[in-house]
Amino acid sequence: MCGDNQTLVTELVLIGFQNTHKFRIVLFCLALLVYMFTFVGNLLIIFLVSSNYRLHCPMYFFISNLSLADLIISTSVVPNMMCIIWLEGHSMSISGCISQFYFVFVSTYAQCCILMVMSFDRYLAICLPLRYSAIMNMTVSIRLVFGSWFIGILLIKVEVVLISQLQFCSSNIIDHFFCDFAPLLALSSSEVRVLAWLDISFNIFVIFLPFVCITLSYICIFIVIFKISSEKGRRKAFSTCSSHLLVVCTYYGSLIGVYMSPSRANAFSENKLKSLLFVMLTPCTNPIIYSMRNKEIIDTMRNLYRRKRSVH
């Protein structure tokens, strides 16, 4: 309950990046360009995978779901962030803020699980190639991806129910460019200790444990690769997992930096910069990694371009 001299807040104001008035137009245009590239790139991958039967296999199904998660994260955050940059602050209702939190972290948790599933897929392909088709097929991959999204929806639903019960009194200023977990808790006037520990538990389960599984998978993969006698064979084996490894490094680098690193006095300022990598750089670079380093996707884009030219 709010005190006698306090007002119950129903609207929150995100102030984003302060003291950037001189660079407002540049930052807005940069954010717009990155978002457009992210949107088109990830949408193109989803379209290519869904429309080409040659790409109807577990690995590309996982890639298309990663692109879907990237689309949801960037679309949930970047358009509103551009309003914050242009207006030097932007208000959101508490329900709108919680909805943004929900979509961002459902996709985040799902991505962590999908990346773990992809590492298992690469482990089977390289370490157990003769058993791959018997273990991994489209039916299994659909179930694994469904389970990844279900875990994200279930866990974030628990947090959202608890966050919606928080009260915000007097202050309504969030020093961030989106409704992240830590700024929301810092602003709340309610007891948040249980919710904070619950979030840490979820992060360990959905962020840290998948990272450990991915690391163990790649240790096994590298052991097998190093045992291959020919250099050509080693290079070919490594190329099948190099794109996934790059995505894991960029994704977990930013994610652990924001949500698993120890907090400091200037944590909010640091986390805003790290969060930019998480919500803008990673969704933007994933289409580049998967398209530039993947022969099948490049060939599919070329064939699509040729068909369009032949029609005209």
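Everything below is about the structure printed above this text.
Computed from a predicted structure; not experimentally measured.

Before we move on, could you go through the state of the cysteines and cite the residues and values that matter?
Throughout the structure, instances matching the rule amount to one disulfide. The disulfide bridge from Cys97 ends at Cys179, spanning 1.7 Å between sulfur atoms. Disulfide Cys97-Cys179: the torsion about the S-S bond is -115 degrees, which places it as left-handed. Of this pair, Cys97 sits in helix α3 (residues 94–127) while Cys179 sits in the loop between β3 (173–174) and α6 (181–187); the two residues are 82 residues apart in sequence, bridging distant segments of the chain. In this model Cys213 remains outside any disulfide bridge; the closest cysteine sulfur is found in Cys113, 10.0 Å from its own. You can call Cys213 partly exposed: its relative accessible area is 34%.

Tell me what's going on with the packing of helix α2 (residues 58–87) against helix α5 (residues 138–163), and back it up with residues and numbers.
For the pair α2 and α5, the least separation of the axes is 9 Å and the interaxial angle reads 25 degrees. Taken together, the axes of α2 and α5 lie roughly parallel to each other. Where α2 crosses over α5, the two elements pack in a sense that is right-handed. Of the residues in α5, those touching α2 at Pro58, Phe61, Phe62, Asn65, Leu68, Ala69 and Ile72 are Met138, Ser141, Ile142, Val145 and Trp149. When the residues that make up the contact of α2 with α5 are grouped by side-chain class, the tally is 10 nonpolar, two polar and no charged.

Quick rundown of the pattern of salt bridges? Include the residues and the values.
Tallying each qualifying case throughout the model produces three salt bridges. In this structure, Arg193 engages Glu191 in a salt bridge whose closest nitrogen and oxygen atoms are separated by 3.8 Å. Among the residues examined, Arg193 registers a relative accessible area of 58% and is labelled exposed.

Quick one: what's the story with the side chain of Glu159, residue by residue and with numbers?
Tracing the sequence through the fold places Glu159 in helix α5. Those residues in contact with Glu159, other than ones at most four positions away along the chain, are Phe101, Tyr109, Phe181, Leu195, Asp199 and Phe202.

So what about the side chain of Gln111? Which residues, and what values?
Looking at the element boundaries, Gln111 is found in helix α3. You can call Gln111 buried: its relative accessible area is 1%. Within the structure, the side chain of Gln111 is placed 3.2 Å from the side chain of Tyr251, a separation counted as a polar contact. The residues touching Gln111, leaving out its near neighbours within four places in the chain, are Leu66, Ala69, Asp70, Ile73, Tyr251 and Asn286.

Cut-offs used in this document
- Residues numbered from 1 in each chain as written.
- Predicted model: local features only at pLDDT ≥ 70, side-chain atom pairs only at ≥ 80, totals over all residues.
- Heavy atoms only, no water.
- Disulfide = S-S within 2.5 Å.
- Helix = DSSP H or I, 4+ residues; strand = E, 2+ residues; numbered from the N terminus.
- Buried < 20%, exposed > 50% of the residue type's maximum accessible area, 1.4 Å probe, protein only.
- Axes fitted to C-alpha atoms, helices over the stretch in contact; angles between N-to-C directions.
- Parallel < 35°, antiparallel > 145°, perpendicular 65-115°, else oblique.
- Left-handed = near helix turned anticlockwise from the far one by under 90°.
- Contact = heavy atoms within 4.5 Å.
- Nonpolar A, V, L, I, M, F, W, Y, C, P; charged D, E, K, R; others polar.
- Salt bridge = Lys/Arg side-chain N within 4 Å of Asp/Glu carboxyl O.
- Polar contact = N/O pair within 3.5 Å; in protein donor to acceptor, adjacent residues only side chain to side chain.

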